[in-house]
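# Overview (structure and organization)
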Protein chains: 2
Amino acid sequence: MISTMRSKVRRIPERGTQEWQVVSEIFDACFLASVGFCVDQQPFVIPTLYGRKGETLYLHGSAASRMLKQLATGVPACVTVALVDALVLARSAFNHSMNYRSAVAFGTAKKIMDADEKNRALEIISEHLLAGRWKEVRPPSEKELKATTVLSFAIEECSSKIRSGPVSDDEADYELPVWAGLLPLEIKSLRPIPDSRLSAGVEESNYLLDYDRRFQC
Amino acid sequence: MISTMRSKVRRIPERGTQEWQVVSEIFDACFLASVGFCVDQQPFVIPTLYGRKGETLYLHGSAASRMLKQLATGVPACVTVALVDALVLARSAFNHSMNYRSAVAFGTAKKIMDADEKNRALEIISEHLLAGRWKEVRPPSEKELKATTVLSFAIEECSSKIRSGPVSDDEADYELPVWAGLLPLEIKSLRPIPDSRLSAGVEESNYLLDYDRRFQC
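Now for a description of the structure that goes with this document. (Residues numbered from 1 in each chain as written. Chains lettered and ligands numbered in written order. Predicted model: local features only at pLDDT ≥ 70, side-chain atom pairs only at ≥ 80, totals over all residues.)

### Here's the deal with the overall build of chain A
So the rule is basically this: The helix and strand labels rest on DSSP assignments: H or I over at least four residues marks a helix, E over at least two residues marks a strand, and numbering proceeds from the N terminus. Note on burial: count the other C-beta atoms lying within 10 Å of the residue's C-beta; 20 or more is buried, 12 or fewer is exposed, in between is partly exposed, and C-beta positions come from the backbone. We call two residues in contact when the distance between their C-beta atoms, placed using the backbone, is within 7 Å.
Along chain A, the regular secondary structure elements total five helices and eleven strands. Seen through its C-alpha atoms, chain A measures out along the principal axes to roughly 65 × 50 × 30 Å. Here chain A holds 217 residues, and 43% of them are scored as buried. Of all intrachain contacts in chain A linking residues separated by at least 6 positions in sequence, the fraction that spans at least 24 positions is 77%.

### A word on the interface of chain A and chain B
Much of the literature gives interface size as the accessible area that the parts lose upon coming together. Threshold: For this classification, the nonpolar set comprises Ala, Val, Leu, Ile, Met, Phe, Trp, Tyr, Cys and Pro, the charged set comprises Asp, Glu, Lys and Arg, and every other residue, Gly included, is treated as polar. For two strands to be treated as a pair, DSSP must find at least two bridges joining them.
Taken together, the contact pairs 82 residues of chain A with 82 residues of chain B. Contributing elements (two or more residues each) for the side of chain A that touches chain B: β2 (32–39), β3 (42–49), β6 (77–89), β7 (97–111), α3 (115–129), β9 (181–189) and β10 (193–194) of chain A. With nine residues, β9 of chain A is the single largest residue contributor to the side of chain A that touches chain B. When the residues that make up the side of chain A that touches chain B are grouped by side-chain class, the tally is 49 nonpolar, 16 polar and 17 charged. Note: β9 of chain A against strand β9 (residues 181–189) of chain B, five bridges, orientation antiparallel. Looking across to β9 of chain B, one finds that Leu-185 of chain A is bridged to Ser-189 of chain B.

### Details of the environment of Leu-122 of chain B
Considering the arrangement of structural elements, one finds Leu-122 of chain B in helix α3 (residues 115–129). Between the C-alpha atom of Leu-122 of chain B and that of Ser-24 of chain B, which follows or precedes it by 98 residues, the distance is 19 Å. Setting aside residues no more than four positions away along its own chain, Leu-122 of chain B makes contact with Ala-93 of chain A together with His-60, Pro-140 and Val-150 of chain B.

### As for the pairing of strand β2 (residues 32–39) of chain B
Residue and element names in this part refer to chain B. By the criterion of burial, β2 is predominantly enclosed, with seven of the eight residues buried. One ladder, built from eight bridges, connects β2 with strand β3 (residues 42–49); its direction is antiparallel. If you follow Leu-32 over to β3, its bridge partner there is Leu-49. Linking two consecutive strands that pair antiparallel, namely β2 and β3, is a turn of two residues; a positive phi of about 55 degrees is found at Asp-40 within it. Relative to strand β6 (residues 77–89), β2 runs antiparallel, the two sharing three bridges. Bridge pairing in β6 places Gly-36 opposite Cys-78.

What is shown is where atoms sit, not what they do.
Pasting the structure below:
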């Protein structure tokens, strides 16, 4: 992977790293990415699901998707994920912050043409979102595969930025009678809601009952 | 507000709207935005907090922030928010979906120079994140205000896209012995963690105990 000014963390650089291990863990913890691309000088940012294998992200959608068509032309793209672990509530407005983990990946996408490869990429996206689901459901038909575009996005360059730990106030502010501390946030799933036409005797799989995307945003 | 092809929802247009009421509600429900801009043809997507008043979004950060400097030059920008309400688990891989709400805003940003206006914008951002907090904490000093850049982002054009409701399977798939339904997701706050140097007798405010960003992602 390369490293240029494009992916250098400039603000508070001690919070940033281009270390792949850290970046990949953030991509694995998130499930919704924001994909950016430019048409002339106009930026577009579109939320989308993804999966990861090695240094490749997979994106999918309808064959008619404008975003996927644009990305498939090989234009420079940016895929960003972020999650908020806690609100950091300081005694002064200025020292408020967030504990967060974010990752930014630069690269270009390519349309996957081979049906088997496409199928495997869809499995990777599905398992990334909900591990255990893919093998239980009816797999894509040939017609459905044709109606689906799947892109592989080779990460050329990336960086991450993380804040963790307690409040950091100005020394003089510690005596203020203001509550300070962390408000931790997490994503939780609620009870699964069965479809009204569920076949008799079909039970929820375990992966639905202990789904936990703690810290995911 | 204008409406051009830039903000037209093309894929499954019945899920899309450019109605301001719907868009503004989605911006109010979210707190983390993905801001996109282009440098030459290279897109950058950076996560950031925001606030909203009318058709203006407020962004803030260090005066040294590369993103804010770039946006302040008046380049076209895109601010996107998204939240996932539920995973939609169908009987076929192909019919899997998400219940979500997303909004995309196009426009340009401008640096706020006036100190009072800057202060008000920071209050809007703070209250958007955690209503009730601003009046309890030490307000920004003149020096802190100078170290902070605040941008107003006038929304020129926007759209939203929403999916809600149950699974939609192919008729032939309903008899498959596969669990189908919704897995609702929500963001919850955990118990606030007081700072180790909290002044004696300072209690948590109510806004910390019933913080609920249900459906926020």
